[in-house]
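Notes for the structure review
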Amino acid sequence: MQFLEMPDNNGYFGKYGGQIIPPELKAIMDDISESYEKVRQTEAFQKELQELYTDYVGRPSPIYFAKRLTEKQGGARIFLKREDLNHTGAHKINHCLGEALLAKYMGKTRVLAETGAGQHGVALATACALVGIECEIHMGEIDIKKEHPNVTKMKILGCKLVPVSRGTKTLKDAVDSAFEEYLNDPVNSLYAIGSVVGPHPFPMMVRDFQQVVGIEAREQFQVKEGRLPDYVMACVGGGSNAMGLFSAFLKDEDVKMIGVEPAGKGLDTPDHAATLTLGRKGAIHGFECYNLQDDNGEPLPVYSIASGLDYPAVGPQHCYLKDIERVQYETIDDKDCLDAFMTLSRLEGIIPALESAHAVAYAMKLAKELPEDKTILVNLSGRGDKDADFVADYLSL
Ligand SMILES: *Cc1c(COP(=O)(O)O)cnc(C)c1O
């Protein structure tokens, strides 16, 4: 793990981040911050996490040159960082293992979280089973009905699944429910946030645990090509897979970075989740960031064909990187996402997660406009097994 300069001691990345929370919660977050600072410097923690990445997750994940995709597009060569090959099929296991292990080192007896589509829930339940710590996941009743395979997996993995029947019975209420439970016993529990969002120190911790993606990719690309890529890109929901990749290239001024947000059914409709592109600065879920809110400050109902991207806020470091123009943020709509999903499947035999297909779609567009000596490295954040039935139905295959 490399320790990066940001955030500052108050958890700010420029104007973004911080802890917009009640005083009693602040004490809890400060305790997590302090413990994290201590634990992460110990050799025991670093060694145990590194061994799990290698022997359990299967790291390093390879970098793959997508030759047939490149040939079809014409132009820049496209490479994929294969986070889809990780155990459990996506990058989320990287930070879930970090959080579960941190909980153990802090002497906690339980890890708590909410889940929407169930991806975070499954990754966390997996990490907790491995580390040997109790796991409790809150999930809306409507989501439980919709996401059957993930619900089954969480049960098999031995986590306590708490159905949430209040309000909209979806993610928003699951967050409230899980948080109330957490506040009942913050001394013995750790709340495990699923992306680089929430109050400090979570945006920093989750980024640190995901950094392994960027550190590996930078080294692997240099070995393979003898230089750094011209572009790196990743899809952005909360922003963890993108921050993991970008953090290793921040100081490489010649490497251009692009984060890809979901334009859903179009930026001129309400059905998108393009937080950085169309959002305004404000406080939400305990921190300051660009977000999509109505005039009363209530989060807008966002949408993406990829359930992992439909979040009305985004990590504070992305907001900062947008403002200083170190990272460029672009959008891809459902149609181009589906096209990239099918194209990558049929040309390379790699079925991507719909989330990751947003980044692939942007790479396909950009490659065509660039000369052949340029290179693009895309973070393939996860595999598309979870999306296969949905896409087949949707396209009447
Ligand atoms: C959850 C998820 C995402 C979105 O989360 P980030 O924090 O933005 O990375 C992207 N890809 C996959 C495969 C996911 O499961």
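Keep in mind the model is a prediction, meaning the values are calculated, not measured. (Residues numbered from 1 in each chain as written. Predicted model: local features only at pLDDT ≥ 70, side-chain atom pairs only at ≥ 80, totals over all residues. Heavy atoms only, no water.)

On average, the protein scores 96 in pLDDT, and the residues at 70 or more come to 99%. Confidence, expressed as mean pLDDT per element, reaches its minimum in the protein at helix α8 (residues 171-184) with 90 and its maximum at strand β4 (residues 77-82) with 99. (pLDDT = per-residue confidence, 0-100. Helix = DSSP H or I, 4+ residues; strand = E, 2+ residues; numbered from the N terminus.)

As a matter of local geometry, the ligand sits amid 16 residues, with K92, S195, G239, S240 and S381 nearest to it. The separation between an oxygen atom of the ligand and a polar side-chain atom of H91 is 3.1 Å. In the environment of the ligand, a nitrogen atom lies 2.8 Å from a nitrogen or oxygen atom belonging to the side chain of S381. Taken by itself the ligand offers 390 Å² of open surface, and the protein chains cover 97% of this. Tallied by class, residues from the shell around the ligand come to four nonpolar, 10 polar and two charged. (Near = heavy atom within 4 Å. Polar contact = N/O pair within 3.5 Å; in protein donor to acceptor, adjacent residues only side chain to side chain. Areas by Shrake-Rupley, 256 points an atom, 1.4 Å probe, with all protein chains shown as cover. Nonpolar A, V, L, I, M, F, W, Y, C, P; charged D, E, K, R; others polar.)

So, about the packing of helix α13 (residues 334-348) against helix α15 (residues 385-394). In the contact formed by α13 and α15, the axes pass within 12 Å of each other and the chain directions differ by 110°. Comparing the axis directions of α13 and α15 gives the class roughly perpendicular. Note that α13 runs across α15; the crossing there is left-handed. Between α13 and α15, the residues in contact are L338, F341 and M342 and D387, V391 and Y394, respectively. For the contact of α13 with α15, a count of residues per class yields five nonpolar, no polar and one charged. (Axes fitted to C-alpha atoms, helices over the stretch in contact; angles between N-to-C directions. Parallel < 35°, antiparallel > 145°, perpendicular 65-115°, else oblique. Left-handed = near helix turned anticlockwise from the far one by under 90°. Contact = heavy atoms within 4.5 Å.)

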